[in-house]
Amino acid sequence: MHIQVERHQARRVALNHQLQSGLLILPTARVQCRNYDNDFPFRYDSRFYYLTGFYEPEAVLVMQLGADPKSTLFCQPKNELREIWEGFLFGPEAAREVFGVNEAFAIDQLDSKLSEWMMGTERVYFPVGFDAEWDARIFKLAAQATSRGRGGVDTPIEFIDARAVIDEMRLLKDESEIGLMREAGRISGEAHIRAMQTAKPGQFEYEVEAELLYHFMKQGSRSPAYGSIVASGHNATCLHYHENNRRMQAGDLLLIDAGCELHGYASDITRTFPVSGKFSGPQKDIYELVLAAMNAGFEKVRPGVPRMAYHDAAVRTLTQGLADLKLLSGTVDGLIEQEAYKQFYMHGTGHWLGLDVHDAGRYKLNGESRSLQAGMVLTVEPGLYFRPLLPDSPASYVEVPEHFMHIGVRIEDDLLVTPDGYENLTALTPKTVADIEATMAR
Ligand code: GLY
Ligand code: MN
Ligand code: MN
């Protein structure tokens, strides 16, 4: 495991500076049942992990905030008998040492310690409304403290959600996070190259998925960052296709949206390539338009530029290109104004990336698109999707010409905003038509 005690400690110090005195309570995620007595692989809560580095289930961080803050970790107790069945547990003693908290206790002591610490505390920070069971538990403890408190002793009267404060911290990545995201980007990029070099007509989509997962794991990633999309032919026009069970045919495009998670950090890459190694004329027309939109977006990624600018640039390029291909008619400004492009481009051009694939942090401040800052990581992911009209499609939508029907193209990279522009964390995997065809020929 990748434990960087000082980073997590520094984040807790910074958080304490931004909050008033009081008690902060932050549980990790719950274990989720998959079926009968079988659980889904556990994934810790990203905010909890950001502040602790602790990755076992059934754990809670409690911070006594103020001039002399104290962090306490509650976790599963050591239990050698249970560990024979379920594997290693740190237990409070080792957890305190390894994760650098002031104190650690067994999780079954949580309520009694919270009851004690709520006496003398007016303010409780916790993710209010995130989990009904935690809400009920914390409000009950607070009510008990109040009824025991009698006048003269402060007890909780303010319940504040600190998630947004933590999320704003998470938006700006530090060097250790950037290092991990570079690695995640490299591994995912290599996996996409492997997919390009192994995919063949006649294979099932899940055979390509297997190649991706194989490479992720061989490189130390224990999970993809989200469900991999391996979408061939018309499936590529479904934005979150996940069945991955179609047999690919010669002449298909294959859209792969897949990235690994490395020590908690996501990568998120999309590439679209011809299963048989050569783009057809119409596929190439659409592909090159999407790539041009991506490059137009890249040019708007630098500090001080509003976040929406890269979306707007991609939309303008796509709209111009759709008009040039006679798919839309009218002036580019008019078509953008009417959002005519939405028939073929119905999603945004990107999102924050970090511990979560759609990462934490506000997109707007005071109603306005916020400016980019060095240390932010975002995706740029334009696309075009050509589907038959639906019975209730808007009257302004146009019939898709036969040669473009069922084409779906998306291209996605992960960019770190740097002081003078950006660093592309996923530049490894080829993107131009020539480079893709050459990679596939090898
Ligand atoms: N893979 C999810 C996304 O691109 O947003
Ligand atoms: Mn993606
Ligand atoms: Mn994405």
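In what follows, the structure referred to is the one given above.
First things first, this report covers the structure right here in the doc. (Residues numbered from 1 in each chain as written. Chains lettered and ligands numbered in written order. Predicted model: local features only at pLDDT ≥ 70, side-chain atom pairs only at ≥ 80, totals over all residues. Heavy atoms only, no water.)

1. Comments concerning the pattern of salt bridges
Thought 1: The final tally for this structure, using the stated rule, is 31 salt bridges.
Thought 2: Measuring nitrogen to oxygen at the nearest pair gives 3.3 Å for the salt bridge that ties Arg-123 to Glu-158. Taken together, the positions of Arg-123 in strand 7 (residues 123–125) and Glu-158 in strand 8 (residues 158–160) put the pair 35 residues apart, joining distant regions of the chain.
Thought 3: With a relative accessible area of 14%, Arg-123 lands in the buried category.
Thought 4: Three or more residues joined by partner-sharing salt bridges are found here, namely Arg-47, Asp-167, Arg-170, Lys-173, Asp-356 and Asp-359. (Salt bridge = Lys/Arg side-chain N within 4 Å of Asp/Glu carboxyl O. Helix = DSSP H or I, 4+ residues; strand = E, 2+ residues; numbered from the N terminus. Buried < 20%, exposed > 50% of the residue type's maximum accessible area, 1.4 Å probe, protein only.)

2. Considerations on empty space enclosed by the protein
Which parts of space are left empty comes out when a probe the size of a water molecule is rolled across the atoms.
Thought 1: Under the counting rule described, the total for this entry stands at 2 cavities of 30 Å³ or more.
Thought 2: Within this model, the largest cavity holds a volume of roughly 80 Å³.
Thought 3: When residues of the lining of the largest cavity are traced back to their parent elements, those giving at least two are helix 1 (5–18) and helix 8 (175–198).
Thought 4: Looking at the lining of the largest cavity, its residues break down into 3 nonpolar, 5 polar and 3 charged.
Thought 5: The volume enclosed by the second largest cavity comes to roughly 30 Å³.
Thought 6: In terms of lining residues, the second largest cavity is bounded by Leu-24, Ile-25, Leu-26, Tyr-125, Phe-126, Pro-127, Asp-161, Ala-162, Arg-163 and Ile-166. (1 Å grid on protein atoms, 1.4 Å probe; cavity = no way out; pocket = protein on both sides within 12 Å on 5 of 7 lines; lining within 4 Å. Points joined across faces, edges and corners; volume = space filled by probe spheres on them. Nonpolar A, V, L, I, M, F, W, Y, C, P; charged D, E, K, R; others polar.)

3. Things to note about the coordination of the manganese ion (ligand 3)
Thought 1: Donor atoms from the polypeptide that coordinate the manganese ion (ligand 3) comprise Asp-268 (OD), His-351 (NE2), Glu-381 (OE) and Glu-412 (OE), at 2.0 to 2.2 Å from the metal.
Thought 2: In this structure, the manganese ion (ligand 3) is coordinated by 6 donor atoms arranged in irregular fashion, with angles at the metal of 50 to 155°.
Thought 3: Linear spacing of the donor residues for the manganese ion (ligand 3) on their chain is D-x82-H-x29-E-x30-E.
Thought 4: Between the manganese ion (ligand 3) and the manganese ion (ligand 2) the interatomic distance amounts to 3.3 Å, and Asp-268 serves as a bridging ligand to the pair. Placement of the pair is Asp-268 in the loop between strand 13 (265–266) and strand 14 (269–274) and Glu-412 in the loop between strand 19 (408–410) and strand 20 (413–418), with a sequence separation of 144 residues. Here Asp-268 and Glu-412 have matching classes, each one buried. (Donors = N, O, S within 2.8 Å, 3.2 Å for Na, K, Ca; no water. Tetrahedral: all angles 85-135°; square planar, octahedral: opposite > 155°, others 65-115°.)

4. Examining the environment of Gly-408
Thought 1: Looking at where Gly-408 falls in the secondary structure, it is placed in strand 19.
Thought 2: Here the alpha-carbon distance between Gly-408 and Ile-436, two residues 28 residues apart in the chain, equals 17 Å.
Thought 3: In contact with Gly-408, not counting residues within four places along its chain, are Ala-236, Thr-237, Leu-253, Leu-255, Thr-272, Leu-384 and Tyr-385. (Contact = heavy atoms within 4.5 Å.)

5. Concerning the packing of aromatic side chains
Pairs of aromatic rings are described using the distance from one ring centre to the other and the angle between the two planes.
Thought 1: All chains considered together, the criterion is met by 18 aromatic pairs.
Thought 2: Look at Phe-204 and Tyr-206: their rings are 5.1 Å apart centre to centre, the planes differ by 5°, and that puts the pair in the stacked class.
Thought 3: Positioned above the aromatic ring of Tyr-50 is the side chain of Arg-11, whose terminal nitrogen or guanidinium carbon lies 4.3 Å from the ring centre.
Thought 4: Between Arg-307 and the ring centre of Trp-352, over which it is positioned, the NZ or CZ distance is 5.8 Å. (Phe/Tyr/Trp six-rings, centres within 6.5 Å; stacked < 30°, edge-to-face > 60°. Lys NZ or Arg CZ within 6 Å of the ring centre and 35° of its normal.)

6. Describing the site of ligand 1
Thought 1: The environment of ligand 1 is made up of Tyr-226, Asp-257, Asp-268, His-351, His-358, Glu-381 and Glu-412.
Thought 2: A distance of 3.0 Å is found between an oxygen atom of ligand 1 and a side-chain nitrogen or oxygen belonging to His-351.
Thought 3: Here ligand 1 has 200 Å² of accessible area as a free molecule, and 90% of this is covered by the chains.
Thought 4: Applying the majority rule of atoms within 2 Å of the grid points places ligand 1 in the second largest pocket.
Thought 5: Of the residues contributing to the shell around ligand 1, the split by class is 1 nonpolar, 2 polar and 4 charged. (Near = heavy atom within 4 Å. Polar contact = N/O pair within 3.5 Å; in protein donor to acceptor, adjacent residues only side chain to side chain. Areas by Shrake-Rupley, 256 points an atom, 1.4 Å probe, with all protein chains shown as cover. Sits in = over half its atoms within 2 Å of the grid points.)

7. Observations concerning helix 7 (residues 163–171)
Thought 1: Restricting attention to buried positions, one finds in helix 7 the residues Arg-163, Ile-166, Asp-167, Met-169, Arg-170 and Leu-171.
Thought 2: Those residues of helix 7 that are buried lie in contact with helix 1, strand 1 (22–27), helix 2 (46–52) and strand 17 (377–380).

Remember, this is a structural readout, not a statement about activity or role.
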